[in-house]
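Reading the structure
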Amino acid sequence: MKILVINAGSSSMKYQLINMETEEFIAKGICERIGAGGQMVYKTAEGISLKYEVPFPTHKEAFDEILKLMTTGETKVVEDVAEVAAIGHRIAHGGNKFVKSVLVTEEVLQGIDEISGLAPLHNPPALVAIRAAQEVFGKDIPMVTVFDTSFHQTMEDYAYMYALPYELSKKHNIRHYGFHGSSHRFVAERMNELLGNKPNSKIVTCHLGNGSSITAVKDGKSVDTSLGLSTNGGIMMGSRSGEVDMGIPQALMDGEGISYQEAMDILYKKSGIIGVSGVSTDMRDIHDAIAEGNDRAHLALKMMCYQIKKYIGSYAAAMGGLDAVVFTGGIGENDWAVRERSCKGLEFLGIKINQEANDGCRVERRISTDDSTTQVWIINTNEEMLIARDTKAIVEAL
């Protein structure tokens, strides 16, 4: 079975065709600048790589180009479009409506549209992409939606509720939803395999990148997560502040004479790692600056790792123990210094880092010592594969 996985934004669309027999990609890439020109990036498992300009007025033209590349010329990877058995779509927000991945129907599309206010930058373009895929591939091809928030729907009410007037929380669907669910679920499932499929396992998954979140996973279920209603909560990120005192927006508005929206722009786009360091959102630049003696860059590193450590400790308390910590995402998989510093001082939880295993490592590996009672691992996330697996399971059950 060959499954096409789509991750659509308002002006871009990542895609990956996966052979589910081997769970290896056949072709992948990204369509960029949709609606504002157009650029195509295409790569096959056989080593063909292309990057060129092409008009993409809408997502439909992007799908047309993907289909053309996959089925014709030297870039061909399938003989006919009929070889694509199904399409899986990543959807950022499922609200309270979608607690698991589902087959696309008109009712599902209507439901996604109804909760678009919770993710106005993400859900609408995803709907556009689904409609465009139906137009290009035909409505007979089964499609599945996989929601970033659904993994966290297993949280108990005392974990996901905010201490607002109860009626207002219910009326406006205000709660912790959490994000990066596909990533957290993928690495947690892999970690439990590495633990020998231990029953009632207690795992903290740290998805660290330009956007970051940390999740407590007990017995395969999310019991708490650092991001809440919005994508700015929990720990500091590339340009996002993370969790801040509620008085800060008003202090910025009063002190700078700016609007609420301008204050939000500061917290979302000018804070976090770049805001503290004044250098960059990229941790590689932060480490270079630290090597040159930049104290603010060093402060940004220390702040982030301190916050990660606090979440690991608090989630161990929430779960009543800890079997493993997983680092994943762009920073989690590549930045050995962040991993080491974030675990320093957690020896009381049975965490001891093997510096030789950790330093420079970017692939799946245990980075805790043999006598560490809590294992620490790097696991490379693969959200596309999780989407493909869910899609395969739903389609085969039809």
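The preceding data block contains the structure.
Heads up: these notes are all about the structure in this document. (Residues numbered from 1 in each chain as written. Predicted model: local features only at pLDDT ≥ 70, side-chain atom pairs only at ≥ 80, totals over all residues. Heavy atoms only, no water.)

A few words on the overall build of the chain. When its secondary structure is counted, the chain shows 15 helices and 14 strands. For the chain, the C-alpha radius of gyration of 22 Å lies close to 21 Å, the compact-globule estimate for 398 residues. Seen along its three principal axes, the alpha-carbon backbone of the chain occupies a region of about 55 × 55 × 45 Å. By residue count, 51% of the 398 residues in the chain fall in the buried class. Summing over all exposed atoms, the chain offers an accessible surface of approximately 18,300 Å²; the carbon and sulfur share of this is 50%. (Helix = DSSP H or I, 4+ residues; strand = E, 2+ residues; numbered from the N terminus. Rg over C-alpha atoms; globule rule 2.2 N^0.38 Å. Buried < 20%, exposed > 50% of the residue type's maximum accessible area, 1.4 Å probe, protein only. Areas by Shrake-Rupley, 256 points an atom, 1.4 Å probe, with all protein chains shown as cover.)

At a closest axis distance of 8 Å, the pairing of helix H6 (residues 181-194) and helix H15 (residues 383-396) adopts a crossing angle of 85 degrees. Compared by their axis directions, H6 and H15 come out roughly perpendicular. On H15, the residues that touch Ser 182, Ser 183, Arg 185 and Phe 186 of H6 are Glu 383, Met 385, Leu 386, Arg 389 and Asp 390. When its residues are assigned to classes, the contact of H6 with H15 shows three nonpolar, two polar and four charged. (Axes fitted to C-alpha atoms, helices over the stretch in contact; angles between N-to-C directions. Parallel < 35°, antiparallel > 145°, perpendicular 65-115°, else oblique. Contact = heavy atoms within 4.5 Å. Nonpolar A, V, L, I, M, F, W, Y, C, P; charged D, E, K, R; others polar.)

On to unusual backbone geometry, then. Unlike most non-glycine residues, Glu 23 shows phi in positive territory, near 55 degrees. Looking at where Glu 23 falls in the secondary structure, it is placed in the loop between strand E2 (13-19) and strand E3 (24-32). Even without glycine at this site, Asn 173 takes up a positive phi of about 55 degrees. Its place among the elements puts Asn 173 in the loop between helix H5 (166-171) and H6.

Most of strand E8 (residues 143-147) sits out of view: five of its five residues are buried. Every second residue of E8 is oriented toward a common face, with Met 143, Thr 145 and Phe 147 on one face and Val 144 and Val 146 on the other, all of them buried. Alignment of strand E7 (residues 102-103) against E8, held across two bridges, turns out to be antiparallel. The residue bridging Val 102 from the neighbouring strand is Thr 145, located in E8. (Pairing = 2+ DSSP bridges.)

A few words now on the nonpolar core. One finds Met 13, Cys 31, Phe 63 and Phe 137 to be the most contacted residues of the largest nonpolar core, which totals 42 residues. Ranked by the residues each element gives to this core, the list is headed by helix H3 (residues 123-137), at eight residues. With near-sequence residues (within four places) excluded, Phe 137 lies in contact with Leu 4, Phe 63, Leu 67, Met 70, Val 81 and Ile 87. Of all hydrophobic cores here, the second largest spans 35 residues; its members include Ala 216, Ala 297, Leu 322 and Cys 343. (Core = buried A, V, L, I, M, F, W, Y, C linked by side-chain atoms within 4.5 Å.)

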